[in-house]
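A structural walkthrough
Listed below are the residues making up each chain.
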Amino acid sequence: MSSASQIILALDVDNLQAAKNFVDKLYPQIKIFKIGIQLFTSCGREIVDYINNKGAEVFLDLKFFDIPNTVAGAVREAVRLKVKMLTMHILGDEEMLKAAVSARNDEAGTLKINKPLLIGVTVLTSKDTASSDVLTLAKIGIECGLDGVVCSAREAGLLRKEIKKSFVIVTPGIRQANTASDDQKRTTTVQEAIASGSDFLVVGRPILKADDPLRAAKELV
Ligand code: C5P
């Protein structure tokens, strides 16, 4: 894998102990762990602190989508949790995105810490969609000051070509040829994702459900 691209493990499990077990087993092979709505609802900041204390980094994938003031408040809390990156829906509109950016800048400035990356969700990879929809949303997100977007590797090349600013691409829906696609529709392999310009590749079930998760992670890396 190119040194510029990194694999993120989606910790889609339902309890703290299971999440800790995966972190213990897979760090430092995997250096960034994604906490989504299930795990965060189950155990909240405890798992965030656990990962940070271990020396790994957190991708807080709660996909914020609410009125600007509420999202700004949630972003401030995420900054205080010292996460590396977090997500929000670009469909939440421009005012919401700009409020998120300014809350992030303000809170990170107050705490004198690195700003977490704000990543916009375009269209979920479980949906079959037109690339033009993804491009339209990605343009809005980047214009509003987000640091990057989530999209399938199938659109990453188009986004790199059409959006002239520098931004980060996060790609879920990674499946090697011999693995199940589960509920993902727009899947790609690690190789395709990197070739099309993805910086971060999010992998869940291909590692979580493997007989030997460490070996599966090593193979992907
Ligand atoms: O198990 P799998 O590899 O399909 O996991 C993909 C992960 O990426 C899940 O945690 C899912 O929530 C997340 N994700 C996604 N599509 C997006 C954004 C996030 O599949 N557009």
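In this text, all values refer to a predicted model and were calculated from it rather than measured experimentally.

Basis of the calculations
Residues numbered from 1 in each chain as written. Predicted model: local features only at pLDDT ≥ 70, side-chain atom pairs only at ≥ 80, totals over all residues. Heavy atoms only, no water. Near = heavy atom within 4 Å. Polar contact = N/O pair within 3.5 Å; in protein donor to acceptor, adjacent residues only side chain to side chain. Areas by Shrake-Rupley, 256 points an atom, 1.4 Å probe, with all protein chains shown as cover. 1 Å grid on protein atoms, 1.4 Å probe; cavity = no way out; pocket = protein on both sides within 12 Å on 5 of 7 lines; lining within 4 Å. Sits in = over half its atoms within 2 Å of the grid points. Helix = DSSP H or I, 4+ residues; strand = E, 2+ residues; numbered from the N terminus. Core = buried A, V, L, I, M, F, W, Y, C linked by side-chain atoms within 4.5 Å. Buried < 20%, exposed > 50% of the residue type's maximum accessible area, 1.4 Å probe, protein only. Contact = heavy atoms within 4.5 Å.

Around the ligand sit 17 residues in total, of which Asp12, Lys34, Arg175, Gly204 and Arg205 are the nearest. Take Lys34: an N or O atom from its side chain is 2.8 Å from an oxygen atom of the ligand. Alone, the ligand offers 470 Å² of accessible surface; in the complex the protein occludes 88% of this. Of all the cavities here, the one that holds the ligand is the largest pocket. Among the elements of the structure, strand 3 (57-64), strand 8 (200-203) and helix 9 (205-208) are those that each provide at least two residues to the shell around the ligand.

The next point concerns the nonpolar core. Ranked by size, the top nonpolar core spans 67 residues in total, and within it Val75, Met88 and Leu159 carry the most contacts. Sort the elements by how many residues they give to this core and helix 5 (residues 94-111) lands first, with seven residues. Excluding residues that lie within four positions of it along the chain, Met88 makes contacts with Lys63, Phe64, Val75, Met96, Leu97, Ala100, Leu118, Ile119, Gly120, Val121 and Leu146. Judged by nonpolar contacts, the second largest core, of 12 residues, contains Ile8, Ile32, Val121 and Val168.

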